[in-house]
Amino acid sequence: MNTKIIRSKSAIKQPKINVITLGCSKNIYDSEVLMGQLRGNNLNVVHESDKMGKDDIVVINTCGFIDNAKQESIDTILQFSELKEAGKIGKVVVTGCLSERYKPELESEITNVDAFFGTNDLQNILHELGANYKHELIGERLLTTPSHFAYFKIAEGCNRPCSFCAIPLMRGKHLSKPMEELVNEAKILAKNGTKELILIAQDLTYYGLDLYGVRKLDELMRRLSDVPGIEWIRLQYAYPSGFPMEILDAMNERDNICKYLDMPLQHITDNMLKSMRRGTTKQKTIDLVNQIRDKVPNIAMRTTLICGYPGETEHDFEEMKEWVAETKFDRLGCFTYSHEEKTHAHTLVDDIPDEVKQQRVDDIMEIQQGISFDINQEKVGKTFKVLVDKKEGDFFVGRTEFDSPEVDNEVLIDAATGYAANGSFVNVKIDRAEDFDLYGTIV
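Residues numbered from 1 in each chain as written. Predicted model: local features only at pLDDT ≥ 70, side-chain atom pairs only at ≥ 80, totals over all residues. Heavy atoms only, no water.

The chain has the name Ribosomal protein uS12 methylthiotransferase RimO in an unreviewed UniProt entry, where Pedobacter kyonggii is given as its organism. We quote the UniProt Function (unreviewed entry) comment for the chain here in full: "Catalyzes the methylthiolation of an aspartic acid residue of ribosomal protein uS12." (UniProt positions renumbered as here; feature names shortened; annotations may be inferred.)

What follows is the structure, encoded as structure tokens:
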């Protein structure tokens, strides 16, 4: 008797879609939204998996911000296109900032990539991957961070004219997300165990101006603060010009809004700020920092600075060093200037040698290391609420409300002295402190 074997469709192994994310937290968010849509289409999606089969598809979400990031993106594309050439994977799809900015050049140089997409091509990417965009999945994401915190993008693009920045070329004009949509997304995240929302945008403080005709970041903060289960709300990337002071009222009113503000200031001398088209002056910047600290006395302020911008003199740099030493930011990052095509600064001569740029960064960071050490010493003997992110070796690793993941200080708790579950809040007494780390015991 002939027996006909019928195989169900589910028995046929589905190719994996492996999403690789490069660059900033905004890219992490975009990858998570893409992955949520793919999962919603019942496709097999993973994030940065090492295990790949010959039919699997790789989606690379690229960064095109500065030279180092662009090089990493290009190297990653070449790596996976070579695997495709060798028959080890099926398809390579590229998206994100680099392919938004350089799509024609990439298509002509790396010919065996199956498709290149920009930053606002979600529906087209899904179509390429055999999926449909599902409106009912708005707010649904597949988190790549630990589930207890999530990057929370409230707007896309930027309207600022900063001379050094290529973001508007890659991300377009500022576009705020409707408040109802954001509140709904926060509720979905909270139901799935997210306790901390890290608000991100190219310019948080512009939020609402395009949609509602007025800045509404303070109202959004309060609405998100009301979502049950959200215990921390953190602000990243506030712009100093036109800063809405009312967000500080919300910070003071609500216990679940972190006393933390990330405000990239880029430089301090008047001629550098003018050339950078920052729309502010040295005195206005100093006044703003003082006003913020007066209004929220225990706030932790983070900033980022650029060294080696065209025309930066030794005097400009010395002035910035003095200001950093005087201002004593709680957190500070520093970057060498990158000469980006099609930006206004590209019309200037990139006249500072790379080694001088790097030396200036090192000098600033050495000052900041001392500041951070002194600030941390003041915390010894005090008790802080700490969110535990992970277990690493003999320590549980967490953060206070004054620290963002990846970029700021960490609190290390000796696992031999107590237990803390990932994603839990614990009270930790600080026993000792180093430049960028605190060590403590659960109390």
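Back to the write-up after that little detour.
Student: What am I meant to see in the domain arrangement of the chain here?
Tutor: Interfaces are often sized by the accessible area lost when the parts come together. Each assigned domain of the chain is listed with its residue range as follows: domain 1 (17-135), domain 2 (145-378) and domain 3 (382-442). One C-alpha centre belongs to domain 2, the other to domain 3, and the line joining them spans 25 Å. The interface of domain 2 with domain 3 comprises 25 residues on the first partner and 26 residues on the second. Ranking the residues of domain 2 by area buried against domain 3 places H148, W232 and N376 at the top, with a combined share of 29%. Where domain 2 packs against domain 3, one counts four salt bridges. (Domains from an automatic or database assignment. Contact = heavy atoms within 4.5 Å. Buried area = accessible area lost by both parts, 1.4 Å probe. Salt bridge = Lys/Arg side-chain N within 4 Å of Asp/Glu carboxyl O.)

Student: For this particular structure, what's the right way to read the pairing of strand 16 (residues 410-414)?
Tutor: Walk down a regular strand and you will see the side chains alternate between the two sheet faces. When strand 15 (residues 395-399) meets strand 16, the two strands line up antiparallel, connected through four bridges. Following the sheet pairing, V397 is matched in strand 16 by L412. In the sheet, strand 16 pairs with strand 18 (residues 437-442) via four bridges, with the strands oriented parallel. The residue of strand 18 that forms the bridge with E410 is D437. (Pairing = 2+ DSSP bridges. Helix = DSSP H or I, 4+ residues; strand = E, 2+ residues; numbered from the N terminus.)

Student: How should unusual backbone geometry be read in this particular structure?
Tutor: With the exception of glycine, most residues fall at negative phi, and the peptide bonds are largely trans. Even without being a glycine, R277 presents a positive backbone phi close to 60°. Within the secondary structure, R277 is located in the loop between helix 10 (270-275) and helix 11 (282-295). The exposure class assigned to R277 is partly exposed, which follows from its relative accessible area of 39%. (Buried < 20%, exposed > 50% of the residue type's maximum accessible area, 1.4 Å probe, protein only.)

Student: I'm lost on the sheet that holds strand 5 (residues 115-116) in this one. Help?
Tutor: Across a sheet, strands are paired by hydrogen bonds formed along the backbone, either parallel or antiparallel in direction. Strand order in the open sheet formed by five strands is 2-1-3-4-5, with parallel pairing between adjacent strands. Each edge of the sheet is formed by a strand with only one pairing partner; in this case those strands are strand 2 (45-47) and strand 5. Relative to strand 2, strand 1 (residues 17-21) is paired through three bridges, and the arrangement is parallel. Residue pairing across strands places N18 opposite V46, the latter belonging to strand 2.

Student: Which parts of the structure should I look at to understand the environment of T336?
Tutor: For T336, the position within the fold is in strand 13 (residues 331-336). Its relative accessible area of 29% is what places T336 among the partly exposed residues. Sequence separation between T336 and V183 is 153 residues; the distance between their C-alpha atoms is 37 Å. Other than its neighbours up to four places away in sequence, T336 contacts C307, K357, Q358 and V361.

Student: Explain the side chain of R399 to me, please; I cannot follow it from the model alone.
Tutor: Position of R399 among the secondary structure elements: in strand 15. By relative accessible area, which is 2% here, R399 ends up buried. A distance of 2.6 Å separates the side chain of R399 from the side chain of E196, its partner in a polar contact. Within the structure, the side chain of R399 is placed 2.6 Å from the side chain of D389, a separation counted as a polar contact. Apart from residues lying up to four places away in sequence, R399 is in contact with F149, E196, W232, R234, K385, V386, L387, D389, S404, P405 and N409. (Polar contact = N/O pair within 3.5 Å; in protein donor to acceptor, adjacent residues only side chain to side chain.)

Student: Mind showing me how you'd approach helix 8 (residues 217-225) here?
Tutor: Residues spaced three or four apart along an α-helix point in a common direction, a consequence of the helix completing one turn every 3.6 residues. All of the buried residues along helix 8 are L217, D218, L220, M221, L224 and S225. Looking straight down helix 8, one finds that the buried residues subtend no more than 160° of arc, so they occupy a single side. In this structure, the buried side of helix 8 is in contact with strand 6 (149-153), helix 6 (179-191), strand 9 (196-200), strand 10 (232-235), helix 9 (246-253) and strand 11 (257-262). (Arc of directions from axis to C-beta.)

Student: When you look at the confidence of the model for the chain in this model, what are you seeing that I'm missing?
Tutor: For residues with low pLDDT, the predicted coordinates do not support detailed interpretation. Predicted confidence across the chain gives a mean pLDDT of 92, with 97% of residues reaching 70 or more. Contacts for the low-pLDDT stretch residues 1-11, under 50 throughout, to residues beyond four places or in other chains number zero contacts. (pLDDT = per-residue confidence, 0-100.)

Student: I would appreciate a short explanation of the pattern of salt bridges in the present structure.
Tutor: By the definition in use, this model includes 37 salt bridges. The partner of R360 in a salt bridge is E314, and the shortest N-O contact between them spans 3.3 Å. Of this pair, R360 sits in helix 13 (residues 354-377) while E314 is found in helix 12 (residues 314-327), placing the two residues 46 residues apart along the sequence. Taking relative accessible area as the criterion, E314 reaches 47% and is therefore assigned partly exposed. The residue R432 makes a salt bridge to E434 at a minimum N-O spacing of 3.3 Å.

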